Amino acid sequence: MSDPRVPVPDRLTLARYAGDGAAYGGVRSVVLDDGSERGIRVLEFRTGGGLRFDVLVDRAMDIGLAEFDDVSVGWRSATGFVHPGLHENADEDGLSWLRSMSGLVVTGGLDHTLFGGEVDASHYAYPPRPTVRHGLHGRVGNIPARLIGYGQEWVDGRAVLWAEGEVRQATNFGEHLVLHRRIEVDLGGTEIRLTDEVRNAGFERTPHMFLYHVNVGWPLLDRGVRFVADIAETLWQTDSVAEQGIDHLVFDAPVRSAIEQVYEHRLVPDADGRFVVGLHNDTLGLAFELVLDPAAFPCFFEWLNLREGAWALGLEPSTHHVAGDAAAREDGSMIWLEHGESRRYDTVFRFSRSTSA
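Residues numbered from 1 in each chain as written. Predicted model: local features only at pLDDT ≥ 70, side-chain atom pairs only at ≥ 80, totals over all residues. Heavy atoms only, no water.

Colleague: Honestly, the overall build of the protein in this entry has me stumped. Any pointers?
Modeller: Within the protein one finds three helices and 23 strands. In terms of overall size, the protein behaves like a compact globule, its C-alpha atoms giving a radius of gyration of 20 Å where 357 residues would be expected to give roughly 21 Å. In terms of overall dimensions, the protein has C-alpha extents of about 65 × 45 × 45 Å along its principal axes. Per-residue burial for the protein yields a buried fraction of 52% across its 357 residues. Taking the contacts inside the protein whose residues are at least 6 apart along the sequence as the reference set, 64% of them involve residues at least 24 apart. Surface exposure of the protein reaches about 15,700 Å², of which carbon and sulfur atoms provide 49%. (Helix = DSSP H or I, 4+ residues; strand = E, 2+ residues; numbered from the N terminus. Rg over C-alpha atoms; globule rule 2.2 N^0.38 Å. Buried < 20%, exposed > 50% of the residue type's maximum accessible area, 1.4 Å probe, protein only. Contact = heavy atoms within 4.5 Å. Areas by Shrake-Rupley, 256 points an atom, 1.4 Å probe, with all protein chains shown as cover.)

Rendered as structure tokens:
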């Protein structure tokens, strides 16, 4: 999908008019150099179609800054994009993940998502570690990637901007899972294509859970903005929903000291068999949507951070229900990967100038 303000050039036109194709759009490698972000490798994408975003190579190749038509879409929290070397995974009883949570996409996994806890680790056959303790949403979001490559390539007459890398979550006598991530967007395009494959590179049977915490903030998220999804039913919600009574379909202003509101929705696939969720800002005439594979992500959460100074909406496709790790092991829904087995996830992030529901 593309709706550029300047027509997308073909290969010959781009070569004739510009000595460097980056005159229209491209990918640039930079390193952040200040504060808690210092040292993070970043790939800056500009499509020429109004979309620009940053891939944080040293943070699992997640997406940090994201802007469309010069309007910020990705949530910018007070933490900033903290260098993983400053992250303490086990601090604050597993809630330290919240001290480095910012940006459009923060990945959860690879062997655990949702709230932390202690679970059996006997499948790793290491008696000194009979159990393993997990923090909120697991470890992967604070692991640097090995960058395989990035750039621009021509495919069937269209220019594709791309980046590819691997994130390895491993320990001795424990899990050895590898996330292979590829991010693509067309020159002039307004859709990001994210393809992930998680593979068990170890030889012990290993649990796998996966989640995207897709966070939208101001100014795309604003008063009057609509959350849009085809919801069959809401399976679960936090007690704060009834206590606060704040609308989760049409947003109002931030509230001082508001408690997070979280919902698990059962979604209805569209005519193409995909889940589509997002938000529409009718005032700006802009929309942001996720297009999801129900087979890969059968579960979906809506996260509302409604308090002043941290206002955000989280769209969370997930492999597992809200009850989490221990419950998934008990009811048989846990994904177990044997050596060489993998799971694939194909997701589209769609930015548009249409606000039709």
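Colleague: I'm lost on the environment of V82 in this one. Help?
Modeller: Within the secondary structure layout, V82 lies in the loop between β5 (71-72) and β6 (105-108). Each C-alpha atom, one on V82 and one on E37, is 4.9 Å from the other, the two residues being 45 residues apart in sequence. Residue contacts for V82: discarding those within four places in its chain leaves S36, I40, R59, R99 and S100.

Colleague: Explain the pairing of strand β4 (residues 62-68) here, please?
Modeller: Where a strand is regular, its side chains alternate between the two sheet faces. β4 sits mainly inside the fold: seven of its seven residues count as buried. Note that strand β3 (residues 51-56) and β4 share five bridges and pair antiparallel. Residue V55 lies in a different strand from β4, and its bridge partner there is I63. The turn linking β3 back onto β4 is made up of five residues, and A60 within it adopts a positive phi angle of 60 degrees. As paired strands, β4 and β5 are joined by two bridges and run antiparallel to one another. Bridge pairing links F68 to V71 in β5. Here β4 folds back onto β5 in antiparallel fashion, the turn holding two residues, of which D69 has a positive phi close to 50 degrees. (Pairing = 2+ DSSP bridges.)

Colleague: Quick question: what am I supposed to make of the sheet that holds strand β21 (residues 312-318) here?
Modeller: The pairing of strands in a sheet comes from backbone hydrogen bonds and takes either a parallel or an antiparallel form. The strand order β6-β14-β21-β20-β17-β16 describes an open sheet built from six strands, whose pairing is antiparallel. Edge positions in the sheet fall to β6 and β16 (231-237), since each has one partner strand and no second. Neighbour-to-neighbour, the strand axes of this sheet turn through a mean angle of 25 degrees, independent of strand direction. The sheet contact formed by β16 and strand β17 (residues 261-267) spans five bridges and is antiparallel. (Axes fitted to C-alpha atoms, helices over the stretch in contact; angles between N-to-C directions.)

Colleague: Just checking my understanding: could you explain the packing of aromatic side chains for this structure?
Modeller: Each pair of aromatic rings is reported with the distance of its centres and the angle of its planes. This structure, assessed with the given rule, holds 11 aromatic pairs. Between F210 and F297, the ring centres sit 6.3 Å apart and the planes meet at 10 degrees, which makes this aromatic pair stacked. Here F210 is found in the loop between β13 (206-208) and β14 (211-217), whereas its partner F297 is found in the loop between β19 (286-292) and β20 (299-305), with 87 residues between them in sequence. Under the relative-accessibility criterion, F297 is labelled buried at 1%. An aromatic cluster is built from F68, F288, F349 and F351, whose rings are joined through pairwise contacts. Over the ring of W336 we find R205; its NZ or CZ atom is 4.2 Å from the centre of that ring. (Phe/Tyr/Trp six-rings, centres within 6.5 Å; stacked < 30°, edge-to-face > 60°. Lys NZ or Arg CZ within 6 Å of the ring centre and 35° of its normal.)

Colleague: So what exactly am I meant to see when it comes to the pairing of strand β18 (residues 275-281) here?
Modeller: The buried fraction of β18 is high, at six of seven residues. Examined bridge by bridge, strand β15 (residues 226-229) and β18 share four bridges and lie antiparallel to one another. In the sheet register, F227 faces β18, and the bridge partner there is L279. Bridge count between β18 and β19: seven bridges; the pairing is antiparallel. Counted as the bridge partner of V276 is V291 from β19. Hairpin connection from β18 to β19: four residues lie between these consecutive antiparallel strands, with G285 at a positive phi of about 70 degrees.

Colleague: Honestly, the nonpolar core in this entry has me stumped. Any pointers?
Modeller: One broad rule of soluble globular proteins: the nonpolar side chains tend to lie buried together. Counting 67 residues, the largest nonpolar core has F53, L104, F288 and F349 as its most contacted members. If sequence neighbours within four positions are ignored, F53 has contacts with L43, E44, F45, I63, L65, A66, I183, V185 and I192. Of all hydrophobic cores here, the second largest spans nine residues; its members include W75, W97, M101 and L136. (Core = buried A, V, L, I, M, F, W, Y, C linked by side-chain atoms within 4.5 Å.)

Colleague: When you look at the pattern of salt bridges in this model, what are you seeing that I'm missing?
Modeller: As a working rule, side chains carrying opposite charge can pair if their charged atoms are close by. Scanning the entire structure with this criterion turns up 25 salt bridges. A salt bridge links R28 to E44, with the shortest nitrogen-to-oxygen separation between them at 2.8 Å. A residue pair is termed long-range when its members are at least 10 positions apart, and R28 in strand β1 (residues 26-31) and E44 in strand β2 (residues 41-46) qualify at 16 residues. Between R226 and D282 there is a salt bridge, with its nearest N and O atoms 3.0 Å apart. Within this pair, whereas R226 is found in strand β15, its partner D282 is found in the loop between β18 and β19, the two being separated by 56 residues in sequence. A cluster of three or more residues bridged by salt bridges with shared partners is formed by E153, R158, E164, R182, E184, D186 and R193. (Salt bridge = Lys/Arg side-chain N within 4 Å of Asp/Glu carboxyl O.)

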